[in-house]
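# Summary of the model geometry
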Amino acid sequence: MVKLSLVAAGVFAVAGPLAAQKVRLEVLLPPKEAWADETPAVSSAGLLSDASMRDLLANGFPARLHYRLERWASGRWFDDLKAASEWDVILKYDVLGKKYQVVRVVNKKAESLGEYPGAADAENAVEAAYKVTIGLPRKGERGYYNLLLDVETLSLSDLDEVQRWLRGELKPAVSGKKNPGTAVGRGVRTLVVRLLGGEKRHYEARTGTFRP
């Protein structure tokens, strides 16, 4: 793989200083002679290694990593978006089973990436190089790839659930007709973390311009 990435200048963390998080995000191009025949891969490091993210995962909050890889053609005046590919990676800690579960979701199809006893092994599975399916450039077409990544600990549906619970719409969960640990416990924890902030982060990386 040929690494054509502006990682130092092209990665941004909304939630905190980049230096403190030691995040690396890269788009890995194939060898030059295969630029028009092979798709790139993406890899990362440090996305889930900070203490706050580790604590949330250990307490049962799933992490969702949403990737979007774009291929742009460089024009004289404007760049043109030619192709895009999106996928998700879900990381969840099974508190009872004491194991981390990693799943990749592409086109609404889920693929298990394994179960791991330790956080470090699970992070390696999440951040390992992944070859992306995306439309390739024509020979002679000058362009670049741009990668966007959003990492969030909780979903907005969880927040919606706790808001309904606070309005009294989920009272059956409290009375015993449903498992209160699902409706109330997760909802309250979601609200607390949303109020504290820092659960969503955004990163970007871009390759240099190339011509197949």
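Structure report, in brief. (Residues numbered from 1 in each chain as written. Predicted model: local features only at pLDDT ≥ 70, side-chain atom pairs only at ≥ 80, totals over all residues. Heavy atoms only, no water.)

## A short note on unusual backbone geometry
- In this model, Asn-107 sits at a positive phi of 55°, which is unusual for a non-glycine residue.
- The backbone of Lys-108 sits at a positive phi, close to 65°, despite the residue not being glycine.
- Looking at where Lys-108 falls in the secondary structure, it is placed in the loop between β6 (99-106) and β7 (109-116).
- What makes Lys-108 exposed here is its relative accessible area of 83%. (Helix = DSSP H or I, 4+ residues; strand = E, 2+ residues; numbered from the N terminus. Buried < 20%, exposed > 50% of the residue type's maximum accessible area, 1.4 Å probe, protein only.)

## Here we look at the packing of aromatic side chains
- Inspection of every chain in the model, using the stated rule, returns five aromatic pairs.
- Centroid distance Trp-35 to Phe-210: 5.1 Å. Interplanar angle 65°. Geometry classified as edge-to-face. You can see Trp-35 sitting in the loop between β2 (24-29) and β3 (41-45) and its partner Phe-210 sitting in the segment after β10 (200-206), a full 175 residues away along the chain.
- Considering the side-chain rings of Tyr-93 and Tyr-100, the 4.5 Å spacing of their centres and the 40° angle between planes classify their relative orientation as tilted.
- The exposure class of Tyr-100 is buried, given its relative accessible area of 9%.
- Through pairs of rings, three or more aromatic residues link up here, namely Trp-35, Tyr-145 and Phe-210.
- Note that Arg-104 overlies the ring of Tyr-130, its terminal NZ or CZ placed 3.9 Å from the centroid. (Phe/Tyr/Trp six-rings, centres within 6.5 Å; stacked < 30°, edge-to-face > 60°. Lys NZ or Arg CZ within 6 Å of the ring centre and 35° of its normal.)

## Looking at the sheet that holds strand β5 (residues 80-94)
- If you trace the six strands from one edge of the open sheet to the other, you get β7-β6-β5-β4-β9-β10, paired in antiparallel fashion. Sheet topology places β7 and β10 at the edges, where each strand pairs with a single neighbour. Neighbour to neighbour, the strand axes of the sheet diverge by 15° on average, direction disregarded.
- Strands β4 (63-73), β5, β6 and β7 of the sheet are contacted by helix α4 (residues 119-127), whose axis makes an angle of about 10° with β6. (Pairing = 2+ DSSP bridges. Axes fitted to C-alpha atoms, helices over the stretch in contact; angles between N-to-C directions. Contact = heavy atoms within 4.5 Å.)

## Section: the side chain of Asn-146
- Tracing the chain through its elements places Asn-146 in strand β9 (residues 143-152).
- Setting aside its immediate chain neighbours within four residues, Asn-146 contacts Arg-68, Leu-69, Glu-70, Trp-72, Ala-205 and Arg-206.

## Things to note about the pairing of β4
- The element β4 is extensively covered by neighbouring structure, given that eight of its 11 residues are classed as buried.
- Two strands pair when backbone bridges link them, and β4 and β5 are joined in this way by 11 bridges, in the antiparallel orientation. Directly across from Arg-71, in β5, lies its bridge partner Ala-83.
- In sequence, β4 turns back onto β5 through a hairpin of six residues.
- In the sheet, β4 pairs with β9 via 10 bridges, with the strands oriented antiparallel. Opposite Arg-71, over in β9, you have Tyr-145 as the bridge partner.

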